[in-house]
Amino acid sequence: MGIPPRTDRLHPRMAVLLPVLIAAAVLTVLLATGLGPVSVSPATTAKVLASRLPVIGSSITHTWEQLDENIVLGLRLPRVCLGLVVGASLAVCGVTMQALVRNNLADPFILGVSSGAAAFATLGMLFGVFSFLGTYALSISAFLGAGITIIFVYVISRVNGRINITQLLLSGISMIMDGVTSIIKLSAPNALGLHNAEFWMSGSLAGAKWAYLKLPLLVLLGCMAFLMVNYRGLNLLLLGDESAGALGVNVSRLQKALVLA
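Residues numbered from 1 in each chain as written. Predicted model: local features only at pLDDT ≥ 70, side-chain atom pairs only at ≥ 80, totals over all residues. Heavy atoms only, no water.

### Brief notes about the overall build of the protein
Step number 1: Looking only at helices and strands, the protein has twelve helices and two strands in total.
Step number 2: With respect to the three principal axes, the spread of C-alpha positions in the protein is 65 × 60 × 25 Å.
Step number 3: Taking as baseline every contact in the protein between residues at least 6 positions apart, the subset at least 24 positions apart corresponds to 63%.
Step number 4: Of the roughly 16,000 Å² of accessible surface on the protein, 68% is carried by carbon and sulfur atoms.
Step number 5: Here the protein carries 16 positive and 9 negative side-chain charges, and the mean point of each set is 8 Å from the other. (Helix = DSSP H or I, 4+ residues; strand = E, 2+ residues; numbered from the N terminus. Contact = heavy atoms within 4.5 Å. Areas by Shrake-Rupley, 256 points an atom, 1.4 Å probe, with all protein chains shown as cover. Lys, Arg positive; Asp, Glu negative; His and termini not counted. Charge placed at Lys NZ, Arg CZ, Asp CG, Glu CD.)

What follows is the structure, encoded as structure tokens:
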């Protein structure tokens, strides 16, 4: 019998693909930051950003207007960076879901966590239920909705002390929370609040500020660190619970951790 190939080495295609994706992300930042009612050229955007770098910043000639710098650094770049963090979070969550349910078509919304977050966030935006939470009222209310939803999903998907994947997928909590969100929106006290809620749920980044980036970035890095440490377990879960358990993975504990992550 031959020696099986190692699974912890970077795939040759990924070694080429990763630099290409990083370059595409940088190009996207330059292009997206310049888009808007007042356009800023990618060259000007690149100069503004480069001028803030520690080593080469002092060597950049200041040829742009102060208005362009304010637009790039104060208004648009926080939105673009938040979009990057959100996109990366969805990607990480999608990979986790695929390992958990052993389905390449799984996505971050499959367990209804996003629907639960939207329901609580809408409740806070339209009725001010969580206004006492201050600056992070929207983020914390969405997190509470996601937490309550995932606890409910976890409870109803347990069979004999273990998570039943089929029951997990068929729980239907996503449709339930979407219905709750619809009821909340139909009860909206004013049209402006309903418009803002719909705009937010459509993926608006209009309210992004630099201060808002810390919390989601820390959560993303923390979850990525946990998943990287347990990547072998995620790969083995794709073989099935019995096979993963026979190879030394505590399947029940790992599944709980993945659901929470």
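### Remarks on the confidence of the model for the protein
Step number 1: Per-residue confidence for the protein gives a mean pLDDT of 85; residues scoring 70 or more make up 95%.
Step number 2: Note that residues 1-8 has pLDDT below 50 and, in this model, two contacts with residues that lie over four places away or in other chains. (pLDDT = per-residue confidence, 0-100.)

### Thoughts on the side chain of Ser-141
Step number 1: One can find Ser-141 in helix 5 (residues 137-157).
Step number 2: Within the structure, the side chain of Ser-141 is placed 2.9 Å from the backbone oxygen of Ala-137, a separation counted as a polar contact.
Step number 3: For Ser-141, the contacting residues outside a window of four places in its chain are Phe-120, Ala-121, Phe-130 and Leu-133. (Polar contact = N/O pair within 3.5 Å; in protein donor to acceptor, adjacent residues only side chain to side chain.)

### Structural notes on the pattern of salt bridges
Step number 1: The full count for this structure, using the stated rule, is two salt bridges.
Step number 2: We note a salt bridge from Glu-69 to Arg-52, for which the minimum N-O separation is 2.7 Å. Of this pair, Glu-69 sits in helix 3 (residues 66-101) while Arg-52 sits in the loop between helix 2 (42-50) and helix 3, and the two are 17 residues apart along the sequence.
Step number 3: Under the relative-accessibility criterion, Glu-69 is labelled buried at 10%. (Salt bridge = Lys/Arg side-chain N within 4 Å of Asp/Glu carboxyl O. Buried < 20%, exposed > 50% of the residue type's maximum accessible area, 1.4 Å probe, protein only.)

### Details of the nonpolar core
Step number 1: Counting residues in hydrophobic clusters, the biggest one holds 26 residues, and the most contacted among them are Leu-100, Val-101, Leu-168, Leu-237 and Leu-258.
Step number 2: Looking at this core, the elements with two or more residues in it are helix 3, helix 5, helix 6 (165-169), helix 7 (173-186), helix 9 (214-229), helix 10 (231-237) and helix 12 (251-260).
Step number 3: The element best represented in this core is helix 3, accounting for six residues.
Step number 4: Counting nine residues, the second-largest nonpolar core is a separate cluster that includes Trp-64, Ile-71, Val-72 and Val-80. (Core = buried A, V, L, I, M, F, W, Y, C linked by side-chain atoms within 4.5 Å.)

### Some details on a nonpolar patch on the surface
Step number 1: On the surface, Met-14, Val-16, Leu-17, Leu-18, Val-20 and Leu-21 cluster together to form a nonpolar patch covering roughly 500 Å² of accessible area.
Step number 2: Structurally, Leu-17 can be placed in helix 1 (residues 12-34). (Patch = residues over 30% accessible without salt bridge, like charges linked within 9 Å, V, L, I, M, F, W, Y side chains within 5 Å.)

### Considering the packing of helix 2 against helix 3
Step number 1: Closest axis-to-axis distance for the helix 2/helix 3 pair is 10 Å, and the angle between their directions is 80°. On the basis of their axis angle, the class for helix 2 and helix 3 is roughly perpendicular. Here Thr-44, Thr-45, Val-48 and Leu-49 of helix 2 lie close against helix 3, whose contacting residues are Asp-68, Glu-69, Val-72, Leu-73 and Leu-77.
Step number 2: Per-class residue counts for the contact of helix 2 with helix 3 are five nonpolar, two polar and two charged. (Axes fitted to C-alpha atoms, helices over the stretch in contact; angles between N-to-C directions. Parallel < 35°, antiparallel > 145°, perpendicular 65-115°, else oblique. Nonpolar A, V, L, I, M, F, W, Y, C, P; charged D, E, K, R; others polar.)

### What about the side chain of Thr-122?
Step number 1: Structurally, Thr-122 can be placed in helix 4 (residues 113-127).
Step number 2: Its relative accessible area of 0% is what places Thr-122 among the buried residues.
Step number 3: In this structure the side chain of Thr-122 is engaged in a polar contact, spanning 2.6 Å, whose partner is the backbone oxygen of Ala-118.
Step number 4: If sequence neighbours within four positions are ignored, Thr-122 has contacts with Thr-181, Ile-184, Lys-185, Ala-197 and Met-201.

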